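# Summary of structural features
If you want the building blocks of each chain, they are given just below.
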Amino acid sequence: MLKQKIATVIAICWSLFQLFAVFYPSVFHITAHRAIHLCFALVLCALLFGDFLRSQTRLAKWMNGAFILAFIAGSLALTYHMLSNAERFEVRPYGMTTMDSVISVLGLILILEGTRRIIGWSLVLVAAFFILYGMYGDLIPGALGHGGGTFLDVSERLFYSADGVYGQILGISATIIFIYLLFGGFLLTLGGGEFFTDLSSALVGSTRGGAAKVAVLASAFFGSISGSAISNVVTTGTVTIPMMKRLGFKPEFAGAVEAVASSGGQILPPVMGATAFVLANMMGVSYMEVLVAAAVPAILYFVSLLFMVDFEAAKTGIKGIDKKDLPDVRDVMRRGWHFFVPFIVLIYLLLFIRWEAQKAGIYAIGSMVVMELIRRPSLETIKKLVEGLAVGARTAISVAIPCATIGIVVGIVLSTGLGLSFTTIVRSFAGDSTLSLLLIMMVGSLVIGMGVPTTAAYVMLAVLMVPVLIDGGVVPMAAHMFALYFGILSVVTPPVALAAYAAASISKGNPTVTGFIAFRLALAGFIIPFMFVYQPGLLMIGSTQEILLAVCSGFAGVICLGGVMQNYFFGRIHWGVRGILAIACIVLVTPEYDLVGFVLFVAVAILQIVKHRSARATEKLMAQG
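Residue positions are given per chain, counted from 1 along the sequence in the order it is written. Two thresholds apply to this predicted model, a pLDDT of at least 70 for residue-level local features and 80 or more for giving and counting side-chain atom pairs, whereas whole-chain, interface and lining totals are computed over all residues. Excluded from the side-chain calculation are hydrogens and water; included are all heavy atoms of the structure.

## Comments concerning the overall build of the chain
Each helix corresponds to a stretch of at least 4 residues labelled H or I by DSSP, and each strand to a stretch of at least 2 residues labelled E; elements are numbered beginning at the N terminus. When helices and strands are tallied, the chain shows 29 helices and zero strands. Our radius of gyration is a C-alpha quantity, and the globule rule it is checked against amounts to 2.2 Å times the number of residues to the power 0.38. Relative to a compact globule of 625 residues, whose C-alpha radius of gyration would be 25 Å, the chain shows 25 Å and is just as compact. Counting only C-alpha atoms, the chain reaches 95 × 65 × 55 Å along its principal axes. Each residue's exposure class comes from its accessible area (1.4 Å probe, protein chains only) as a fraction of the maximum for that residue type: buried when under 20%, exposed when over 50%, partly exposed otherwise. Within the chain, the proportion of its 625 residues that are buried is 57%. Long-range pairs, those at least 24 residues apart, make up 76% of the contacts in the chain with a sequence separation of at least 6. Computed with the Shrake-Rupley method and a 1.4 Å probe, the accessible areas treat only the protein chains shown as cover for residues. Accessible surface, the chain: about 25,600 Å² in total, of which carbon and sulfur atoms supply 68%. Here Asp and Glu are counted as negative and Lys and Arg as positive; His is not counted, and neither are the chain ends. Charge positions come from single atoms, namely NZ of Lys, CZ of Arg, CG of Asp or CD of Glu. Mean positive and mean negative side-chain charge positions of the chain (39 and 30 charges, respectively) differ by 11 Å. The contact rule is simple, with two residues in contact once any of their heavy atoms fall within 4.5 Å.

The following block contains the structure:
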């Protein structure tokens, strides 16, 4: 189809432009760079998501074509105006002209409509609410009130100030995020997804419930670099979900496992869906600090999921995959060992040479390309590399335009002083209770993050929620990680569990049931943030003793949680044991009582293991008799 071919060419051009901008940053003014970045995203949005009439009649096709052309023309006009006046807007020696006003309104319409077409109404409604707040703040009494303004005042401020649409948030999308989405695009097209799925199969496929464990490992790894839980579900889920169903897992459970693992990939170092670099940028700390802080909580998340999967398999009698149906680990490594090279290069450049994230990402991509050309120097490889440019850019659409929309939210928050007022009001509601503050922030983060891409959700929460937590005495790293976790978990939280619904479309299971099972499996993700707020040792903050105690408590806590959720803990459990495990899980969150929780965990584990072994020995004796 002609439209798809044009979109592919434009996507490739966008990737090449971004690569050029990394090596020659002085060629472009900051605003110009961001404007061109957004223009590519808007044009691709029009071509790929522009059909608003599904009918195939000639009139419908003509109207769709007219809309697409109008959208593209508007995007080009917006970009031309920003490029022509970039320096003037930076220093603002003149007042706004009529054309400035018209273009700012046009820009708002394009960005909001583009966001709606990509991710739905959720973020659009949030942005619309903030625009109305910016206009009618003079009608609001109390701490939330402000001077207000006309619609034109608000739109001009959002487009022509340093804190609006073309501000820091879009800048992060145009630099760091795009490069790592391109990294994921190359890895996908060159066969990295298949390699890591095969490696996971070879390592854990033969264990109890092996297919689900393969899904956890493969989705976790690829989710870390894909930048989107939903796209990862669609990519790896087409392989892992049918595999789980064949082994005997129910469709809803299979879909839920895939959704939870794919979502968790966004918190898994070293890439964390590019959010690690954004978090470091927002905090003003090194990437290594983020990597170290994120490591243990991410491991706890996946340990909890693996235990729940194992307990489910044990409870339902599901065995592993037959070894003859699994790939040999040596053959897999022989075919795909080179996919580890770009990660080694990336970690070396970031941690030891201390390069900036954008430059390190480029060289990691370069190492991937070089390794592929050395191993398979053919025209087919060249085609795959070109396809990787297009795939990376297509993925970036779902981040670039929402980041521009979040610029609207950030612009209103900063220009009206809402951030300070919001902090004051939430603190008055929570009082001196840290738990109340965390619960309020959790609910707010889940609501704001619904339907929003991970990175975009985190940025919005970092502006609105994180200052409140820090003001309440939470360690800054813990506050940012808290926002990140709950921004991510919204995709597996009903009623808007988008990752779970995407998985259900593959598993053919009930979407609502899949969503609730996903919520249950991801429950560790809801508890871990509370644990590292109360015990920063989980983030490697504090003395060696505090860190060791926090890590041991964390592992015990998530294993207890798995037993409570699955009603199985090294054997079936009755309600009394389940209650003890629940108590242990709760008290392990806080450092004051974690020793009590640890004792309960060890005691129940020993009793269950002894009981289970005795039962099996009795069964063998009876069978022999």
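## What to know about the packing of aromatic side chains
In summary, the pairing rule links any two rings of Phe, Tyr or Trp, Trp by its six-membered ring, whose centres are within 6.5 Å, and it sorts them by plane angle into stacked for under 30 degrees, edge-to-face for over 60 and tilted for everything else. Considering all chains together, one arrives at 35 aromatic pairs under this definition. Relative to Phe130, the ring of Phe129 lies with its centre 5.6 Å away and its plane at 90 degrees, an arrangement referred to as edge-to-face. Taken together through their ring pairs, the aromatic side chains of Trp14, Phe17, Phe20, Tyr24, Phe28, Phe40 and Phe178 make up a single cluster. As a reminder, the over-ring test applies to NZ of lysine and CZ of arginine, requiring each to be within 6 Å of the ring centre and within 35 degrees of the ring normal. Here Lys359 stacks its cationic end above the ring of Trp355, 4.3 Å away from the centre of that ring.

## A look at the packing of helix α1 (residues 2-23) against helix α2 (residues 30-49)
Where α1 contacts α2, the two axes come as close as 10 Å, and the packing angle between them is 165 degrees. Taken together, α1 and α2 sit at an angle that is classed as roughly antiparallel. You can see that α1 and α2 cross each other, and the crossing is left-handed. The segment α1 lies against α2, with Lys3, Gln4, Ile6, Ala7, Ile10, Ala11, Cys13, Trp14, Phe17, Gln18 and Ala21 engaging His33, Ile36, His37, Phe40, Ala41, Val43, Leu44, Leu47 and Leu48. The residue classification treats Ala, Val, Leu, Ile, Met, Phe, Trp, Tyr, Cys and Pro as nonpolar and Asp, Glu, Lys and Arg as charged. All others, Gly included, are polar. Looking at the contact of α1 with α2, its residues break down into 15 nonpolar, four polar and one charged. Interaxial angles span 0 to 180 degrees and are taken between N-to-C directions of axes, which are lines fitted to C-alpha atoms, for helices over the stretch in contact. For classification purposes, angles smaller than 35 degrees are called roughly parallel, those larger than 145 roughly antiparallel, those between 65 and 115 roughly perpendicular, and all remaining angles oblique. By definition, any crossing whose near helix is turned counterclockwise from its far helix by less than a right angle is left-handed, and any crossing with a clockwise turn is right-handed.

## Considering helix α23 (residues 476-489)
In a regular helix each residue adds 1.5 Å, so 14 residues correspond to 20 Å; α23 covers 20 Å between its end C-alpha atoms and thus fits that length. Most of α23 sits inside the fold, with 13 of its 14 residues counted as buried. How far a helix is expected to stretch is found by multiplying one less than its residue total by 1.5 Å.

## A look at the state of the cysteines
The rule for a disulfide is simple: a pair of cysteine sulfur atoms within 2.5 Å. The tally for this structure, following the rule as stated, stands at zero disulfides. The closest cysteine sulfur to the non-disulfide-bonded Cys13 is located on Cys39, 12 Å from its own sulfur.

## Re the pattern of salt bridges
The term salt bridge refers to a pairing of a side-chain nitrogen on Lys or Arg with a carboxyl oxygen on Asp or Glu at a separation within 4 Å. For the coordinates displayed, the defined rule picks out 10 salt bridges. With its nearest N and O atoms 2.7 Å apart, the salt bridge here joins Glu113 to Arg117. Of this pair, Glu113 and Arg117 both sit in helix α5 (residues 98-119), four residues apart, which is roughly one turn of the helix. Comparing Glu113 with Arg117 shows no difference in burial state: the two are buried. A salt bridge links Asp310 to Lys213, with the nearest nitrogen and oxygen atoms 2.9 Å apart. Residue Asp310 is found in helix α14 (residues 287-316), and its partner Lys213 is found in helix α10 (residues 210-226); the two are separated by 97 residues along the sequence. Taking relative accessible area as the criterion, Asp310 reaches 14% and is therefore assigned buried. For Lys213, a relative accessible area of 12% corresponds to the buried category. Put simply, Glu113, Arg116 and Arg117 are held in one network by salt bridges that share partners.

Purely spatial values, then, with no claim about function.
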